[in-house]
Each structure stands twice: as C-alpha cells, then as structure tokens.
Amino acid sequence: MKMWSSEHIFSYPWETVINAAMKKYPNPMNPSVFGVDVLDRKLDTRGRLHSHRLLSTEWGLPSIVKAILGTSRTVTYIKEHSIVDPVEKKMELCSTNLSLTNFVSVDERLVYIPHPENPDVTVLTQEAVITVKGVGLSSYLEGLMAHTISTNARKGWDAIEWIIQNSESAIS
C-alpha cells in the first residue's frame, strides 16, 4: 500500500473554485477522462448537494505495467461521490476505481475549503491510497501509480484554473 497526499492553493474564492471543479471534465489538460455520467444528484435536508458520477477514463499504463498486470485493458471506470456544503463552505469528493480492482485499487479523497486566514483563496487537500495486489513488483507499481496520480493532480489544478479563466463570468 502506498499513500500520496498534496495541498494546493487556488487564488479564487471557494464558490468560484467549486463551480469550476463541478465542470472539470472533460478538459483539454487531462484528455484521459473522456466520459462523465451523473448517476444521482440530490439535496439533503441540510442543503448539501450529493452527486454520484461515473467517470470513463483511459489509463495510459506503460507496456511494462500492462505486462506485469497481464492485461491490455486501459479503459477504466471510476465511481465518484461528492458532497458540497454551501453553509460550511466545504466540498468533499471521494473516488475509487471500479475496473481492474483485482489488481489495483485507488481510493482518492479531495477536500476544498476556504483558506482559514484568507477567504478569497481556496485550499485543496488531496490524498490517495494505492494498493496493488496479486502481482510481483507491487511496491514498484504502487510508486509508479503514485507518480501518475501526482501528475494528474497537477493537470486537475490546471484544468480548474483554465475553467475559471475561460468562464463566462470571468469575461463579463
């Protein structure tokens, strides 16, 4: 098992970042996510928005990883559950892969909150737990997956920035 974590600061208020985060896919920064299906979306009695989505992705696994895993499959599906709390100004998003789970499991958690000292900026904390099972070189593969997650996280930050900068509200 390998753990990965990161923190990123967006120079925008929480509401702006959350609006962009909800529109994050698809985006030109990370074309590996090519499909997003909303399975369920509802408000609870406290006014929090719960969303369940299915992401269709193309894991660009290197040939050596495919050989170690014994698969040529690269299209994977990820289930995502998010809760947006507009009163507490917190968005929590948890995701896990549905494909290749007999070899790899990636559980990711993102939390967006206003910066405690400056409400005009937003703090994103991310963490992922990567577990490779039933194959040799699992520690190596977990490290490789952690590196990929780190690279994709940066693409995600760039995508949110791009969405904010290209939104209609930024133009008007």
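Before reading further, recall that the structure is shown in the block above.
Just so it is clear, the structure is predicted and the values come from calculations on it, not from any experiment.

Undergrad: Can you walk me through the nonpolar core in this structure?
TA: One finds Trp-4, Phe-10, Met-91, Val-104, Tyr-112, Ile-130 and Ile-160 to be the most contacted residues of the largest nonpolar core, which totals 35 residues. Looking at this core, the elements with two or more residues in it are strand S1 (2–10), helix H1 (14–22), strand S4 (75–85), strand S5 (90–97), strand S6 (104–114), strand S7 (122–132) and helix H3 (138–165). Per element, the largest residue contribution to this core is nine residues, and it comes from H3. Once you skip the residues sitting within four places of it in the chain, Phe-10 turns out to touch Val-17, Tyr-112, Val-121, Thr-122, Leu-124, Trp-157, Ile-160 and Glu-161.

Undergrad: Help me understand the sheet that holds strand S3 (residues 49–58), please; the structure alone is not making it clear to me.
TA: Paired through their backbone hydrogen bonds, the strands of a sheet run either parallel or antiparallel. Within the open sheet, the seven strands sit side by side as S1-S7-S6-S5-S4-S3-S2. Their pairing is antiparallel. With one partner strand each, in any of the chains shown, S1 and strand S2 (33–43) form the two edges of the open sheet. Ignoring strand direction, the axes of neighbouring strands in this sheet form an average angle of 15 degrees. Where S5 meets S6, six bridges bridge the pair, whose relative direction is antiparallel. In the strand pairing of S6, Met-91 is matched with Tyr-112. Lying on the sheet, H1 is in contact with S1, S2, S3, S4, S5, S6 and S7; it crosses S6 at an angle near 150 degrees. Across the sheet, H3 touches S1, S6 and S7, and the angle it forms with S1 is around 15 degrees.

Undergrad: I keep staring at the packing of H1 against H3 and nothing clicks. Help me out?
TA: Relative orientation of the contacting elements H1 and H3 amounts to 105 degrees, with a least axis distance of 9 Å. It follows that H1 is roughly perpendicular to H3 by the angle criterion. Touching Thr-16, Val-17, Ala-20 and Ala-21 of H1 are Ile-160, Ile-163 and Ile-164, all from H3. By residue class, the composition of the contact of H1 with H3 is six nonpolar, one polar and no charged.

Reading guide: rules and limits
Residues numbered from 1 in each chain as written. Predicted model: local features only at pLDDT ≥ 70, side-chain atom pairs only at ≥ 80, totals over all residues. Heavy atoms only, no water. Core = buried A, V, L, I, M, F, W, Y, C linked by side-chain atoms within 4.5 Å. Buried < 20%, exposed > 50% of the residue type's maximum accessible area, 1.4 Å probe, protein only. Helix = DSSP H or I, 4+ residues; strand = E, 2+ residues; numbered from the N terminus. Contact = heavy atoms within 4.5 Å. Pairing = 2+ DSSP bridges. Axes fitted to C-alpha atoms, helices over the stretch in contact; angles between N-to-C directions. Parallel < 35°, antiparallel > 145°, perpendicular 65-115°, else oblique. Nonpolar A, V, L, I, M, F, W, Y, C, P; charged D, E, K, R; others polar.

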